[in-house]
Amino acid sequence: MSPSLPKEIEHIENLANRFSEKIKLRSLAQIEHQAQSMPLYAMEIGCTSANAPCLILTGAIHGVERIGSQIILVYLKSLLKRALWDKRLADTLDNLKILAIPVVNPWGVALKRRSNHNGVDLMRNSPIESQNPSYHLHAGQNFSDKLPWYRGNPLQMEKELQAIDAYINGHIQSSRTCILLDLHSGFGTRDRLWFPFAQNHNPPQHLAHYYMLYHVFRKSYPHYELYQFEPQWHQYTTHGDFWDWQVMKNQDNGKNCFLPLTLELGSWLWVKKNPLQLLQFNQLFHPIKPHRVKRVQRRHSTLLDYFIQVLDSDLVVQLSPLEKQKYQRQALKLWFQ
Ligand SMILES: [Zn+2]
């Protein structure tokens, strides 16, 4: 029996229908597998001018990590409903654009697999070779597509990544500031916010801006101790990280600022609270109990609102050279010593 369309993809279509004046739905590609095809959708909300600040949200690059798609979809629905009566929010949405790709790996979701239908781990598939010698299998491997973390062919990335690369690059290069949040689940018991790099221990070009995002959030929400904010290599290094590759491609492009972040939800906590989840592999990455799904969806809306406010206030652009130096120093001390 062929798998049915994932319900997250139905949610995308329903939401786009319901808010057809506010959401522009684009089909970036059709991903074919065994004579069946699934759409790779992007939703565009807000301002259409090229240099407007931009928030990009991506989920389910790993097919079993569906909670990320659901967080994005629930958040967008709430945002659009609020904008119907909240005039300030409606103005904000006129000033910036939100691009959402809630299901990057539709076949992975449909087949309940981390990889896509070709067995390729889409977060190990980019042409980035880690120089860190002490890596493990999970850093990406080329032995077999039957094992996890299979890299596939980085010189010809999978269709999903090629489509997303082609789509987001124009926006990354034209927006004056672009924050990207890629949602994952499954590592550890804490929610983590990772910035590049995954491939090596070097600070990224926009380190001061990452520090600013961390610092302003902490100051503004002192009781909100939720995220471990750190460079990804603090936990592990990998080959083929798609965001590392995007950063490398865009780092010398002058005036604008591209800040990708990975939100890695600590799903081991859900498992600890509900050990029955251990019985099924794909459930390790997704809370089962409805109240927990709701709670997880709710607790990250503050962070998404925060990114929108940062972009609308142009905090990144307005950072003075002096502040930048200060943040750079503090960041090096906190994360790179
Ligand atoms: Zn993941």
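Residues numbered from 1 in each chain as written. Predicted model: local features only at pLDDT ≥ 70, side-chain atom pairs only at ≥ 80, totals over all residues. Heavy atoms only, no water.

Draft legend 1. How the structure looks around the state of the cysteines. Tallied over the entire structure, the rule returns zero disulfides. In this structure C47 is not part of a disulfide, and its nearest cysteine sulfur, from C54, lies 10 Å away. Classification of C47 by relative accessible area gives buried; the value is 17%. Not engaged in a disulfide, the cysteine C54 finds its nearest cysteine sulfur in C178; these two sulfurs lie 4.2 Å apart. Residue class for C54 comes out buried when judged on its relative accessible area of 0%. (Disulfide = S-S within 2.5 Å. Buried < 20%, exposed > 50% of the residue type's maximum accessible area, 1.4 Å probe, protein only.)

Draft legend 2. Summary view of the pairing of strand 5 (residues 177-185). For strand 5, a buried count of nine out of nine residues is recorded, marking the element as mostly surrounded by other parts of the structure. Neither face of strand 5 is open: one carries T177, I179, L181, L183 and S185, the other C178, L180, D182 and H184, and all of them are buried. Where strand 3 (residues 54-59) and strand 5 come together, six bridges link them in parallel fashion. Each residue of the ladder has a partner; that of I56, found in strand 5, is L180. Pairing of strand 5 with strand 8 (residues 257-265), which is carried by nine bridges, proceeds in the parallel orientation. Counterpart to D182 in the pairing with strand 8 is T262. (Helix = DSSP H or I, 4+ residues; strand = E, 2+ residues; numbered from the N terminus. Pairing = 2+ DSSP bridges.)

Draft legend 3. Representation of the sheet that holds strand 6 (residues 191-195) within the structure. Read from one edge of the open sheet, eight strands run 1-2-4-3-5-8-6-7, paired in mixed fashion. Either end of the sheet is taken by a strand with one partner, and the two such strands are strand 1 (23-33) and strand 7 (227-231). Adjacent strand axes in the sheet meet at a mean angle of 20°, parallel and antiparallel pairs treated alike. Here strand 6 runs beside strand 8; their pairing, made up of three bridges, is antiparallel. The residue bridging L193 from the neighbouring strand is L263, located in strand 8. (Axes fitted to C-alpha atoms, helices over the stretch in contact; angles between N-to-C directions.)

Draft legend 4. The packing of aromatic side chains, seen in detail. Taken as a whole, this structure holds 20 aromatic pairs when the rule is applied. Geometrically, the ring pair formed by Y211 and Y327 is tilted, given 5.6 Å between the ring centres and 40° between the ring planes. With Y211 in helix 6 (residues 207-220) and Y327 in helix 11 (residues 321-335), this residue pair connects regions lying 116 residues apart in the sequence. Across the pair, exposure class does not vary: Y211 and Y327 are buried alike. Summarising the aromatic geometry, the rings of Y306 and F307 are spaced 5.8 Å apart at their centres and angled 45° between planes, so their arrangement reads as tilted. Here Y306 falls in the buried class, since its relative accessible area comes to 5%. Judged by its relative accessible area of 1%, F307 is buried. One aromatic cluster in this structure is built from F195, Y210, Y211, Y214, F229, Y327 and W335. Its end group placed over the ring of W245, K249 keeps NZ or CZ at 4.2 Å from the ring centre. (Phe/Tyr/Trp six-rings, centres within 6.5 Å; stacked < 30°, edge-to-face > 60°. Lys NZ or Arg CZ within 6 Å of the ring centre and 35° of its normal.)

Draft legend 5. Examining the environment of Q156 more closely. With respect to the element layout, Q156 can be found in the loop between helix 4 (106-111) and helix 5 (159-174). On the accessibility criterion, Q156 (55% relative accessible area) is exposed. Sequence separation of Q156 and N125 is 31 residues, and the distance between their C-alpha atoms is 8.6 Å.

Draft legend 6. Structural view of the environment of K159. The residue K159 is located in helix 5 in this model. Between the alpha carbons of K159 and R176 there is a distance of 28 Å; along the sequence they are 17 residues apart. The residues contacting K159, other than those within four sequence positions of it, are A29, Q30, I31 and E32. Separated by 3.5 Å, the side chains of K159 and E32 make a polar contact. (Contact = heavy atoms within 4.5 Å. Polar contact = N/O pair within 3.5 Å; in protein donor to acceptor, adjacent residues only side chain to side chain.)

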